[in-house]
Each structure stands twice: as structure tokens, then as C-alpha cells.
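Structural overview for review
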Amino acid sequence: MSLVYVAMSGGVDSAAAALLLMQAGYQVRGVTLRLRADGQEDDLDSARAVADKLGIPHTVLDQRELFQHTVMDRFVSEYVAGRTPNPCVDCNRCVKFGALLDWALEQGADYLATGHYARVDRDPASGRYLLLRGLDRRKEQSYFLYQLTQHQLSHLLFPVGDYEKPALRALAEAHGFANAHRADSQDICFIPGGDYMAFLEEYGGVTPQPGDFVDTQGRLLGRHKGLERYTTGQRKGLGVSADAPLYVVRKDPASNTVVLGPDSALYSRELIADAFNWISVPEPSAPLTVTAKTRYSQGEDGAAAQVLPDGSVQVSFTVPQRAVTAGQAVVLYDGERVVGGGTIREVW
């Protein structure tokens, strides 16, 4: 009987994952990550209650120091550098599927399971493990998992990837889980309420430095309140009067300027991504035809991906993409399969 540790976040998805694995005959244990000094007690209590209901052991694993260093500190440094980071990707890479998976394997587990809406398979021809989209397209989370390695995928289970959310809530309700209808969190977990500037100032010690708003020709339009307050595509809160709506086109940390322009200036066809991870194929020597997206909430468009001599990847879209943002992820797909992904470095 395979031993599985289920990462129980306190939500219904991971609770359902534990139940489904028990029904499938796995030996299940629960583990919840303590990631912050405060604000997690409701999550911990909810996870413990589900574990008690299922009659399984439950462990709280303290990873506050690692989370602070690899996720919170990086969030600050990326904003200061003029980029817009994706902390969920960093947490998945370093904490959930890094430290937590390593810990579970050290405890003798065969697998780690989570409540992510994705699926794992194996290509019989190549022998490579595959990351597939979850079946519930409204909740599908493969975009955040593009950095998973072959080793990690070989020890991961995503039981809810074959289900839609309403069915999981009904399953949890039928088994008496108190969190069956618990609302999904929409915020960055360490920034409740979404006020990221307050976090940057209070936790990161960031003091935003005012500078110039300029247009795409470099002409002065006004003064901004610090690069950290703006992101590509932003329209509200600029405080600049113009005959037509203006948007943040890009930020230039070297000159401390924010470039503004019309909506048409937000579209680009090319990007370069670093820290690229290939999943369904090894690093290709020739351009690949794929679909790709640069934000979790958008659909994909056709693209070609080519590895450059330094190992970075150039992605060329067939249709111009709006508000592609340095620091975010570009993820490549081939139908249901995640081909790979990386962190956007340059856009044009």
C-alpha cells in the first residue's frame, strides 16, 4: 500500500484530495505548512478538523524561514528591480514541491499529493512524466506548476485534477467536512486584502522614489510616486490628464521613469524568458510550434519557441499579446500537455 502525504491547506480542494486517495486505497497522512508568523490559524484548524474526520495523522511543518527568504523577500526584490513577480510560482518551486516534497520522501512516502487542479501522466514512448491541464477549465492551475521537474512529477499526485469544483464541494459535504463550502482565497496569502504597497513598505522597508512619467517618445507627462506602485497595463491611479486614456507601457529602473501610452502601445509579439523548464520534451534544438500564454487568466495563442545560445527562450506569437509583463511567467502548451515555461525577461 503506497504511503501518501497530502498537503492540506485548510481548503476543500486538499480535503477532497485526501478523501479521494483514501477511497483509492492509499495510506494517507496529512501535513500543513506553517508559512507565516500570523494569520494561518483558521487554515491550520480547518486542516486538523478534516484530518480528524478522516482519522488520519496530521503534521504541521514549519517552513516560515524558507518561505520568507524564497517567496516574501524575492517578492520585494523583484518589485524594487522594476518587475512584477508571481509569488505562487516561487512558493511551488521552493516550498511545496521543493522542501515539502523532500520532507515527505524522507518520511518514507511514495508520493506527495496536493489539491491543485492539474494532472500527471507518463508518455509511454519517451518515458517522460507529463504535466496536464486540469479538467475544470475554470480552476485549472497548470500555469503555476510549469517549473516541476521529472523527479518531482514522478512523486506527485493531483487527485482533484479529474474533477470540477462543484462535485468536490458536494463530495466534501456528503462526508461532513466543515470546510465543504469554504470560500476560495483570492489574495496573495501573505498580503491579505491585496495592499501590496503596504507590504513592500512595512515588511520590505521600501521607500518609493518619485520620478517622471514620459510618453513613448520620451516627452514629460508628469510625476509618478515610485516604480513599485505601477505595473504594465495599469490605467487607474496615474494622475495624468490626457485627451485619451493612458496606460503603463513599461518601467525603466535605470532612469526611474514610467512610460505611458495608448492601449495600442501595450501589444507585443516577442519575448525572451529565463529560467526555462522543459517538461514534455527535452530542451529542443529547433523551434517548436506551441500555444502559449503570459497570464494565468488568459487563453493561449499560437507561438513559436526557440532556445537561444544562452539557454533563454524566445517566444514569438502569431497574434500580438496585451500587457506582457517582465517577471511574470510564459507557459507553453501542446494540447493538454504543458511543454514548459519560464520567467519573462524582455518584451518587444
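Please refer to the structure placed before this passage.
Each chain carries its own residue numbering, running from 1 in the direction its sequence is written. In keeping with the predicted nature of the model, local features appear solely for residues at pLDDT of at least 70, side-chain atom pairs appear and are counted solely at 80 or more, and the whole-chain, interface and lining totals rest on all residues. The side-chain values count all of the structure's non-hydrogen atoms but skip hydrogen atoms and water molecules.

Attention now moves to the overall build of the protein. Put simply, DSSP marks the helices as runs of H or I at least four residues long and the strands as runs of E at least two long, and each gets a number from the N terminus on. Looking only at helices and strands, the protein has seven helices and 17 strands in total. Principal-axis analysis of the C-alpha atoms places the extent of the protein at approximately 65 × 45 × 35 Å. Counting over 348 residues, the protein shows a buried share of 50%. Two residue types count as positive, namely Lys and Arg, and two as negative, namely Asp and Glu; His and chain ends fall outside the count. For the purpose of locating charges, the reference atoms are NZ of Lys, CZ of Arg, CG of Asp and CD of Glu. Taking the average location of the 34 positive side-chain charges in the protein and that of its 42 negative ones, the two points are 3 Å from each other. Classification of residues uses two cut-offs on accessible area relative to the type maximum, computed with a 1.4 Å probe and protein chains only: under 20% is buried, over 50% is exposed, and between them is partly exposed.

What sets the pattern is the α-helix's 3.6 residues per turn: residues three or four places apart point alike. Helix length check: helix H3 (residues 64-80), at 17 residues, gives a terminal C-alpha distance of 22 Å against a target of 24 Å (1.5 Å per residue), a fit within 8%. Values of bend correspond, residue by residue, to the angle between axes fitted over the seven residues ending at that residue and the seven starting there. The sharpest bend along H3 comes to roughly 35°, located at Arg74. Taken residue by residue, H3 has Phe67, Thr70, Val71, Met72, Phe75, Val76, Glu78 and Tyr79 as its buried positions. Contacts from the buried residues of H3 go to helix H4 (87-106) and helix H7 (196-202). By definition here, a helix of n residues has an expected span of 1.5 Å times n minus one. For this analysis, residues touch if any pair of their heavy atoms sits within 4.5 Å.

Pairing of aromatic side chains requires ring centres within 6.5 Å, counting the rings of Phe and Tyr and the six-membered ring of Trp. Pairs whose planes differ by under 30 degrees are stacked, by over 60 edge-to-face, and all others tilted. What the rule picks out here adds up to 15 aromatic pairs. Centroid distance Phe213 to Tyr230: 5.4 Å. Interplanar angle 75°. Geometry classified as edge-to-face. In this pair, Phe213 sits in strand E8 (residues 211-214) while Tyr230 sits in the loop between strand E9 (220-224) and strand E10 (247-252), placing the two residues 17 residues apart along the sequence. Side by side, Phe213 and Tyr230 carry an identical accessibility label, which is buried. Each residue in the set Phe67, Phe75, Tyr79, Phe190, Tyr196, Phe199 and Tyr203 is aromatic and connected to the rest through ring pairs, giving one cluster. Its guanidinium or amino end placed over the ring of Tyr333, Arg133 lies 4.2 Å from that ring's centre, counting from NZ or CZ. Either the NZ atom of lysine or the CZ atom of arginine qualifies as a charge over a ring when it sits within 6 Å of the ring centre and within 35 degrees of the ring normal.

The strands making up a sheet associate through backbone hydrogen bonding, with each pair oriented either parallel or antiparallel. Between any two strands, pairing holds if DSSP finds at least two bridges. Ordered in space as E3-E2-E1-E4-E7, the five strands form an open sheet in which the pairing is parallel. Each edge of the open sheet carries a strand with a single partner, namely strand E3 (58-62) and strand E7 (156-157). Of the pairings in the sheet, the one linking strand E1 (residues 3-7) to strand E4 (residues 111-113) comprises three bridges and is parallel in character. Paired with Val4 across the two strands is Tyr111, which belongs to E4. Angles here are taken between N-to-C directions and fall from 0 to 180 degrees, while the axes themselves are lines fitted to C-alpha atoms, restricted in helices to the stretch in contact. Those strands touched by helix H1 (residues 12-23) are E1, strand E2 (27-34), E4 and E7, and its axis lies near 165° from that of E1. H4 rests against E1, E2, E3, E4 and E7 of the sheet, and its axis sits at about 130° to E2.

The next subject is the sheet that holds E8. If you walk across this open sheet you meet the four strands as E9-E8-E11-E10, and the pairing is mixed. The strands lining the two open edges of the sheet, one partner per strand, are E9 and E10. Direction aside, the axes of adjacent strands within the sheet are offset by 30° on average. When E10 meets strand E11 (residues 257-261), the two strands line up antiparallel, connected through five bridges. Residue pairing in the sheet places Lys251 in a bridge with Val258 of E11.

Basic side-chain nitrogens of Lys or Arg form a salt bridge, by our definition, when they fall within 4 Å of a carboxyl oxygen of Asp or Glu. Under the defined criterion, the tally for this structure stands at 25 salt bridges. With a closest N to O distance of 2.5 Å, Arg137 and Glu336 form a salt bridge. One end of the pair, Arg137, is in the loop between strand E6 (129-133) and helix H5 (150-153); the other, Glu336, is in the loop between strand E16 (329-334) and strand E17 (337-347), with 199 residues separating them in the sequence. Classification of Glu336 by relative accessible area gives partly exposed; the value is 32%. Several salt bridges converge on common partners, so that one network encompasses Asp13, Lys139, Lys165, Arg169 and Asp184.

Close contact between H3 and H4 brings their axes to 9 Å; oriented N to C, the two are set at 165°. One element, H3, and the other, H4, form an angle in the roughly antiparallel class. Seen along the crossing, H3 lies across H4 with a hand that is right-handed. Counted together, Leu66, Phe67, Thr70, Val71, Arg74 and Phe75 of H3 and Pro87, Asp90, Cys91, Cys94, Val95 and Ala99 of H4 form the full contact between these two elements. By the convention adopted, Pro, Cys, Tyr, Trp, Phe, Met, Ile, Leu, Val and Ala count as nonpolar, Lys, Arg, Asp and Glu as charged, and the other residues, Gly among them, as polar. When grouped by side-chain class, the residues that make up the contact of H3 with H4 number nine nonpolar, one polar and two charged. Angle categories are assigned with fixed cut-offs, so that under 35 degrees is roughly parallel, over 145 is roughly antiparallel, 65 to 115 is roughly perpendicular, and the rest are oblique. If you view the pair so one helix is near and one far, a crossing is left-handed when the near helix is turned anticlockwise from the far one by less than a right angle, and right-handed when it is turned clockwise.

Within the fold, Cys88 resides in helix H4. Taking C-alpha positions, Cys88 is 21 Å from Gln234, a pair spaced 146 residues apart along the chain.

Another aspect to go through is the pairing of strand E15 (residues 313-322). Consecutive side chains along a regular strand alternate between the two faces of the sheet. By the bridge criterion, six bridges tie strand E12 (residues 267-278) to E15 in an arrangement that is antiparallel. Residue pairing across strands places Tyr267 opposite Arg322, the latter belonging to E15. As defined by bridge partners, strand E14 (residues 301-307) adjoins E15 across five bridges and the pair is classed as antiparallel. Directly across from Ala303, in E15, lies its bridge partner Phe317. Between the end of E14 and the start of E15, which pair antiparallel, lie five residues, with Gly311 showing a positive phi angle near 95°.

Let's shift gears to the packing of H1 against helix H6 (residues 165-174). Where H1 meets H6, the closest approach of the two axes is 10 Å, and the angle between their N-to-C directions is 70°. Classified by the angle their axes make, H1 and H6 are roughly perpendicular. Regarding H1 and H6, the two cross each other, and that crossing is left-handed. Contacts between H1 and H6 pair Val12, Asp13, Ala16, Leu19 and Leu20 from the former with Lys165, Leu168, Arg169, Leu171 and Ala172 from the latter. For the contact of H1 with H6, a count of residues per class yields seven nonpolar, no polar and three charged.

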